[in-house]
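Close look at the chain arrangement
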Amino acid sequence: MSTTEDAATAVVWDGQARIRRLAATIALGETAGVLVPVVVIALMARISAEAMYVRSLYVPLALLFAAVQVGFDVSNQVAASVSRGAGRPQDVLPVAASMARVGAAVWGAVSLALIVAAPWLAALLNVPDASVGDFVAFTRWACLANLIFFPTVLLSSSLRGYGRPGSAAAVVLTGAVLEVGGVTVLGFGTDLGVYALPVAIAIGGVAALAVGVVQVYRCGLWTASGPLVWRPEAIGRLTGTGLPVTASFVVMAVANAGLLWALSPFGPHVVSGYSAAGALQNLLIVPASALGSATAIVLNQLRGAGRPGDGPAAFGSGLRLTAAVYAVLAAAIWLCREPLATALTGDPVVASETGRFLGIVGLTYLGLGLNVMTLLLLEQVGGGLIALLLNVPYFGGMVVVGSALARTQQDPSALYWTIAVLNACGMLLVPLLTWRHVRRISRVDT
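As annotated in an unreviewed UniProt entry, the chain carries the name Na+-driven multidrug efflux pump and is attributed to Actinoplanes palleronii. Of the chain, the UniProt comment under Subcellular location (unreviewed entry) reads exactly: "Cell membrane".

Next comes the structure, spelled out in C-alpha cells:
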C-alpha cells in the first residue's frame, strides 16, 4: 500500500468519537490560551485598579493581534490537514516557512503601526489624563513582546493540522504557564505593576518557541520535510482562507473598541466589568472553537484523502456535540453568574456589572456556541467569505444598535440585551448556511 493510501485509510470517517478525541486535545491548548487573559485580568485587579483598567483598554488591540495570528494559524492548519490526508508530510514545514516570510512583514507592520498610534488610541478610547502615559507605554511594550509569538503560531498549527494536537497543546501550555507565572511573580514581587505583563509575554514566547521546535522534530515533520524553499501555494492559502478569517477578526477588534467607546461614559467600573465578562466569554467559547477546528480538520483530511462524501456526516456529528455541550454550559454560567463575577474581579462594584452582563446574556451562550463552531468550520473549509459576511451584521449590530440604545437610554443593559438578541438570532441562521456550504463542497469534490 502506498503512503497516500495509508493516509487515506487513516482518515476514513469513523463516527463522532473521532471529533471528540480531536476536540478534547485541541481544547486543552485553546483553554490555556484563552484562560490566560482571564487569569491575567484577575491578577491585575489584585495588583491595582489602575493595572486592571489599562489591561482592559488593551483588549481591542489584543484582538487585532489575534486577527493577524488566526489568519496564519488557520491557513497553515488547513494546509497541514490536506497534506496529512494526501500522505505528503514533506509539504508541511516548507509551506509553513513560506507563510513565515509573509507573516514577518505583516506582523511587524501591525506592531509598528500600533506603537506609533498609541497616543491617538488613548484619545479615541477617552483614557483619563492620569492613565494616558501608562496606556501608551504598556501598549508599546506589549506590541514588542507579541512579536516573539508569531513563529510559535506556525509551529503549533502545523502540528495540530497534521493530527498532533497534543504536541501543539504542549507549545501553547508552555507559553501560558510562564506568562501567568511571570505576571504573578513580577506583578506582586516587584514594582513593575501592569508592565509585568509584557515581560511575562516575552518570557513565555521564547519558551514556547523552543518547545515548538522540539515537538516538530519529535513527530518526524522536520526529518520528513522537503527543502524550505518558497512554496507559491502558501499565498493561495493565505488569501483564500486566511484573509477572510483575518478580516472577520478585524471586524471583531473594531467592534470591541466600539463597545468600549459606547461604555466609556458609564465609567471605569462598567468598562472593567464588561471586560471581565468578555474574558470569561472568550474562555467559554473554547469548546465551540475546538469542536469547529476538530470537525474542519476531519473534513479537510477527508478531502485530501479523496473522501469528501463523508463530510456532511462529520459536520452533523460536530454540530450535535456542540449543541449538547452548550445546553449545559449556558445554564451553568447563568446560574453561577454572581460567584463567577466575584471571582473574576475581586471588586464588588465591578463584579455587579459583570454579573449584570452574564444575567442578561448567559442563557444565549447556547446560540453563541453553535455560531462560533459553525463559523470557525466555515473559515477552514473554504467558506471564509461567507463567515465574514455573517460576522459584519452581527458585530455591526452590537456597535451601531447596541451603542445607540445604551447611550440614548443611559443604561449599559441596553447594549447587553442587543448582544443577547443577536446570539439567539444567529443560532437560527448560521448553522443552516454552514450545512449548505458543506453539502456543496462535498458534491463538488466528489
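What follows continues from the structure just given.
1. Quick word on the overall build of the chain
Each helix and strand in the chain was counted, giving 19 helices and zero strands. Relative to its length of 446 residues, the chain is compact, with a C-alpha radius of gyration of 21 Å against a globular reference of 22 Å. Taken along the three principal axes of its C-alpha coordinates, the chain extends 70 × 45 × 35 Å. Scored against the burial criterion, the 446 residues of the chain give a buried share of 56%. Look at the contacts in the chain between residues 6 or more apart in sequence, and 83% of them connect residues 24 or more apart. Accessible surface, the chain: about 17,200 Å² in total, of which carbon and sulfur atoms supply 69%.

2. Quick word on the nonpolar core
One finds M44, F135, F357, V361, Y365, L377 and Y416 to be the most contacted residues of the largest nonpolar core, which totals 103 residues. The leading source of residues in this core is helix 2 (residues 16-47), at 11 residues. Look past the residues within four positions of V361 in its chain and what remains in contact with it is Y416, I419, A420 and N423.

3. Concerning the confidence of the model for the chain
Mean pLDDT over the chain: 82, with 94% of residues reaching 70 or higher. Counting interchain partners and residues more than four positions distant, the pLDDT-below-50 stretch residues 1-12 has 20 contacts.

4. Quick word on the pattern of salt bridges
Tallied over the entire structure, the rule returns six salt bridges. The closest approach of N and O atoms between R356 and E353, which form a salt bridge, is 2.7 Å. Taken together, the residues R356 and E353, both in helix 16 (residues 348-361) and three residues apart, mark about one turn of the helix. R356 sits in the partly exposed class, given a relative accessible area of 30%. The exposure class of E353 is buried, given its relative accessible area of 6%. Note that D411 and R356 form a salt bridge whose closest N and O atoms lie 3.2 Å from each other. You can see D411 sitting in the loop between helix 18 (384-409) and helix 19 (413-445) and its partner R356 sitting in helix 16, a full 55 residues away along the chain. Via salt bridges that share partners, R88, D91, R231 and E233 belong to a single interconnected network.

5. Considerations on the environment of S156
Considering the arrangement of structural elements, one finds S156 in helix 7 (residues 150-161). Along the backbone, S156 and A170 are 14 residues apart, and their C-alpha atoms lie at a distance of 8.7 Å. If sequence neighbours within four positions are ignored, S156 has contacts with D73, A168 and V171.

6. Some remarks on the packing of aromatic side chains
Summed over all chains, the structure comprises six aromatic pairs. Centre to centre, the rings of F72 and F150 are 5.3 Å apart; their planes meet at 85°, and the pair counts as edge-to-face. Highlighted residues: F72 in helix 4 (residues 59-85) and F150 in helix 7, separated in sequence by 78 residues. For the pair shown, F72 and F150 are each scored as buried.

7. A closer look at helix 5 (residues 92-124)
Counting along an α-helix, one turn takes 3.6 residues, and residues three or four places apart therefore face a common direction. Largest kink in helix 5: about 60°, centred on A118, with the proline P119 one to four residues after it. Positioned one or two residues after helix 5, N126 has a phi angle of 55°, which is positive.

8. With respect to helix 3 (residues 49-57)
The element helix 3 is largely enclosed, with a buried count of seven among its nine residues. Those residues of helix 3 that fall on the buried side of the exposure criterion are A51, M52, Y53, V54, R55, S56 and L57.

9. Section: the packing of helix 8 (residues 165-189) against helix 9 (residues 196-218)
Interaxial distance between helix 8 and helix 9 falls to 7 Å at its minimum, and their mutual angle equals 155°. Taken together, the axis directions place helix 8 and helix 9 in an arrangement best described as roughly antiparallel. Relative to helix 9, the crossing made by helix 8 is right-handed. Contact residues: S167, A170, V171, T174, G175, L178, E179, G182, V183, L186 and G187 in helix 8; A196, L197, V199, A200, I201, I203, G204, A207, A208, V211, G212 and Q215 in helix 9. Residue composition of the contact of helix 8 with helix 9, grouped by class: 14 nonpolar, eight polar and one charged.

The rules behind these values
- Residues numbered from 1 in each chain as written.
- Predicted model: local features only at pLDDT ≥ 70, side-chain atom pairs only at ≥ 80, totals over all residues.
- Heavy atoms only, no water.
- UniProt positions renumbered as here; feature names shortened; annotations may be inferred.
- Helix = DSSP H or I, 4+ residues; strand = E, 2+ residues; numbered from the N terminus.
- Rg over C-alpha atoms; globule rule 2.2 N^0.38 Å.
- Buried < 20%, exposed > 50% of the residue type's maximum accessible area, 1.4 Å probe, protein only.
- Contact = heavy atoms within 4.5 Å.
- Areas by Shrake-Rupley, 256 points an atom, 1.4 Å probe, with all protein chains shown as cover.
- Core = buried A, V, L, I, M, F, W, Y, C linked by side-chain atoms within 4.5 Å.
- pLDDT = per-residue confidence, 0-100.
- Salt bridge = Lys/Arg side-chain N within 4 Å of Asp/Glu carboxyl O.
- Phe/Tyr/Trp six-rings, centres within 6.5 Å; stacked < 30°, edge-to-face > 60°.
- Bend = angle between axes of the 7 residues up to and from the residue.
- Axes fitted to C-alpha atoms, helices over the stretch in contact; angles between N-to-C directions.
- Parallel < 35°, antiparallel > 145°, perpendicular 65-115°, else oblique.
- Left-handed = near helix turned anticlockwise from the far one by under 90°.
- Nonpolar A, V, L, I, M, F, W, Y, C, P; charged D, E, K, R; others polar.

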